[in-house]
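In case you want the letters, here they are:
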Amino acid sequence: MERGSAKHGSRLDEQQKHETQGMTRSGGTTHAEEWKEPEPMPAPGEGGLSRSASRPSDREPGAPRGMTPADVERRGNLAKWISGTGVFPADRDTLLARAQEQGAPDSVISAVRSLPNATFTNMADVAQALGYGTEDKDQG
């Protein structure tokens, strides 16, 4: 009698054969693999996913009130290159030097160059000066 595997004994071969028998006979998944199946999505027009009742209609996910997702993205990109420990308060030239030291892309360098010659106390001040929008303090 020829066994299915030379790596283990016939007893283990029979056990594995029994474990996989449901998959090979039915053509579908076994109960043990149910977790791998994605949950069914509702068909178009069946209700399904809707706007959260807790989210106001004038707000988009991931953006604080008073800012668009694009504003958040631009501010985050700018902050990645110019912010850090002990950077603020800083004037335009200090922020420009910081951006150049960090190897910031040209878009960030030109944005910092366009800042007015003033002292900025934090990243929100810089974003506001660039017209990126600022989050409303009364988000309640």
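The model shown is predicted, which means the values in this text are computed figures rather than measured ones.

Parameters at a glance
Residues numbered from 1 in each chain as written. Predicted model: local features only at pLDDT ≥ 70, side-chain atom pairs only at ≥ 80, totals over all residues. Heavy atoms only, no water. Helix = DSSP H or I, 4+ residues; strand = E, 2+ residues; numbered from the N terminus. Buried < 20%, exposed > 50% of the residue type's maximum accessible area, 1.4 Å probe, protein only. Contact = heavy atoms within 4.5 Å. Areas by Shrake-Rupley, 256 points an atom, 1.4 Å probe, with all protein chains shown as cover. Salt bridge = Lys/Arg side-chain N within 4 Å of Asp/Glu carboxyl O. Axes fitted to C-alpha atoms, helices over the stretch in contact; angles between N-to-C directions. Parallel < 35°, antiparallel > 145°, perpendicular 65-115°, else oblique. Nonpolar A, V, L, I, M, F, W, Y, C, P; charged D, E, K, R; others polar. Expected span 1.5 Å × (residues − 1). Arc of directions from axis to C-beta.

Bringing the overall build of the chain into the picture now. The helix and strand inventory of the chain stands at five helices and two strands. Written out in order from the N terminus, the α and β elements of the chain read α-α-β-α-α-β-α. When each of the 140 residues of the chain is scored for burial, the buried share is 21%. Expressed as a percentage of contacts within the chain between residues at least 6 apart in sequence, the contacts between residues at least 24 apart total 48%. Per element, the accessible surface of the chain, about 10,400 Å² overall, is 49% carbon and sulfur.

What the rule picks out here adds up to one salt bridge. One salt bridge connects Arg92 with Asp93, and the closest N-O pair in it is separated by 3.8 Å. By relative accessible area, Asp93 is classed as partly exposed at 45%.

Moving on to unusual backbone geometry. Omega for the peptide link from Phe88 to Pro89 comes to 0°, which places this bond in the cis form. Along the polypeptide, Pro89 turns up in the loop between helix 2 (69-82) and strand 1 (90-91).

In contact at an axis separation of 9 Å, helix 3 (residues 92-101) and helix 4 (residues 106-113) are set at 170° when each is read in the N-to-C sense. Taken together, the axes of helix 3 and helix 4 are roughly antiparallel relative to one another. Residue-level contacts link Arg92, Leu95, Leu96, Ala99 and Gln100 of helix 3 to Val108, Ile109, Val112 and Arg113 of helix 4. Grouping the constituent residues of the contact of helix 3 with helix 4 by class yields six nonpolar, one polar and two charged.

The next thing to look at is helix 2. The terminal C-alpha atoms of helix 2 lie 20 Å apart, and with 14 residues this matches the ideal 20 Å at 1.5 Å per residue to within 8%. Listing the buried residues of helix 2 in full gives Asp71, Arg75, Leu78, Ala79, Trp81 and Ile82. Considered in projection along helix 2, the buried side chains sweep an arc of 165° and stay on one side of the axis. Facing away from the buried side of helix 2 by over 90 degrees, the exposed positions are Glu73 and Lys80. Buried residues along helix 2 sit in contact with helix 3, helix 4 and helix 5 (123-129).

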